[in-house]
Amino acid sequence: MKRFSVYLSRPRRAFVLCALAGAVLAGGEAKGEIQAGASVKVITPNPLLPVSGGMGPTHPAKEKRGELTARALVFRKGDVTVGVVALDLLGFPSALGDRVRAKVTRIPAASILIGSTHTHSAPDCYAFPDGKGGHTGDLAYMNMVCDKAAEALNEAVDRLQPATLKIAVGEAKGKIAYNYYAPDLYDRRMNVIQAKTPEGKTIATLVNYAIHPEVLGNEVGILSPDLVGPLCETIESQAGGVALFMNSAQGGMVTADNRNLDQPSDQARGYWKDERKWDECLRIGRLMASEAIRIVHDAPDQKDPALACQAKIVRFPVESPAMWAVITHSPLKYPHNDDHSVNARVNLVTLGDAQILTIPGEALPNIGFYLKRKMGGKHNFLFGLTNEAFGYILTKVDFQSFPRYDYVSRTSLGEMTGEILIENALKLVDEASHVGR
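Treat the numbers as computed from the prediction; the structure is a model and nothing was measured.

Let's shift gears to helix α6 (residues 321-329). Turning to α6, its buried residues number three or more, namely M323, W324, V326 and I327. An end-on view of α6 places all buried positions within 155° of arc, on one side of the element. The outward face of α6, more than 90 degrees from its buried face, is lined by the exposed residues P321 and H329. Against the buried residues of α6 lie β17 (341-351) and α8 (406-410).

Given below as structure tokens:
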């Protein structure tokens, strides 16, 4: 099998542009005080649209619980500006993300990180082909989401103000998540960034944790941010400011723990019936919020926190017929290469004593653990489903290794996706370790 590595012309340009924008090539870290700004825009469709849980038919929504939102957080220090936006959607491909970046001229495009929360109760923004010559998306809705995401980022820039930062990582306790394929194999760590004014007023709280927000799922007829809505609302009511959630390495299959443990559906295999009710979204989201507030509460203010951004364009071969059909037949006209491959941007952001690495899909938890262990920050964050949303990401030894992995293998780009991601992510980490020396 041919192994693909970094594509050499555009990637180098992207890295240089991002690094120059961050003033990190020759001058070390940016100087000056750190600033932060945040904003929220509603992206709930009116009237309601069908909701998507992945490739396959959508399901009509009869009601909504909570609002779908675009939540933006921007950091600036000296000449460096980094923007993060979290969208209450199943996924948000770069074909749409680049439309957002084009509308946000005060942040370098390579320094805008656009992620989806991965709720399974929102409209399709992939425009999945329906096999009948059409697709399951609503293009007007997608344009509205792009506009609102750009508005949120631009407003966050307008709201930039001097800030103090607290960054913390700790185990989130309670019945929140589990691995549906192997219950105990998931990352219990929750990562939190909190920005406050010098007077102590919260600007924003960012929560980074691995979980599928699919308590409700796409078959119950409800459009919703799922557990992410109550998570953000609770943090905002208790801590103030804007709250946003960035997912982590939740692939294969780290999901919300809405199991009804006294009702096993297959006791021998360890499966239970689920509580697919809004009350469970409230319980899990509020528990996550209280854990995030607890974890960050005693973290010290960061002293003169660094801010830097790197980017690398990585080429991935596409071996999955199903994934290639989406790429080539969606009306979004996904960029792709003649050699049956696609490009995705991977970012590494340094923020204070933390590193933030983006993942262009749903990495399995073992990949997440490995990357965090090899990263160079005191606190290491993984932003999954960010900059791109190319299905599941497995290592080659996991790919098609068990019957249980059949679905995640079929909806992965291919056998080498995880290996290519790891190799290039660690190159970014290594490059960051040499910046400013």
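That was the structure; now back to the text.
Bringing the side chain of D88 into the picture now. With respect to the helices and strands, the residue D88 is situated in the loop between β4 (80-87) and α2 (94-102). Buried D88, no salt bridge; nearest opposite-charge side chain is R71, N-O distance 4.8 Å. There is a polar contact of 2.8 Å between the side chain of D88 and the side chain of T69. One polar contact links D88 to T117, side chain to side chain, over a distance of 3.4 Å.

Counting buried residues in strand β9 (residues 189-196) gives six out of eight residues, a clear majority hidden from the surface. In terms of strand pairing, strand β7 (residues 164-171) meets β9 through eight bridges, oriented antiparallel. Its bridge partner lying in β9, A168 is registered against V192. Two strands pair when backbone bridges link them, and β9 and strand β10 (residues 202-209) are joined in this way by six bridges, in the antiparallel orientation.

The next subject is unusual backbone geometry. With an omega of 5°, the peptide bond running from N46 to P47 counts as cis. Within the secondary structure, P47 is located in the loop between β1 (34-42) and β2 (63-64). Positive phi outside glycine occurs at H118, with the angle close to 80°. On the secondary structure map, H118 appears in the loop between β5 (112-116) and α3 (139-158). Unusually for a residue other than glycine, Q400 sits at a positive phi of about 55°. Here Q400 lies in the loop between β21 (392-393) and α8.

What counts and how
Residues numbered from 1 in each chain as written. Predicted model: local features only at pLDDT ≥ 70, side-chain atom pairs only at ≥ 80, totals over all residues. Heavy atoms only, no water. Buried < 20%, exposed > 50% of the residue type's maximum accessible area, 1.4 Å probe, protein only. Helix = DSSP H or I, 4+ residues; strand = E, 2+ residues; numbered from the N terminus. Arc of directions from axis to C-beta. Contact = heavy atoms within 4.5 Å. Lys, Arg positive; Asp, Glu negative; His and termini not counted. Salt bridge = Lys/Arg side-chain N within 4 Å of Asp/Glu carboxyl O. Polar contact = N/O pair within 3.5 Å; in protein donor to acceptor, adjacent residues only side chain to side chain. Pairing = 2+ DSSP bridges.

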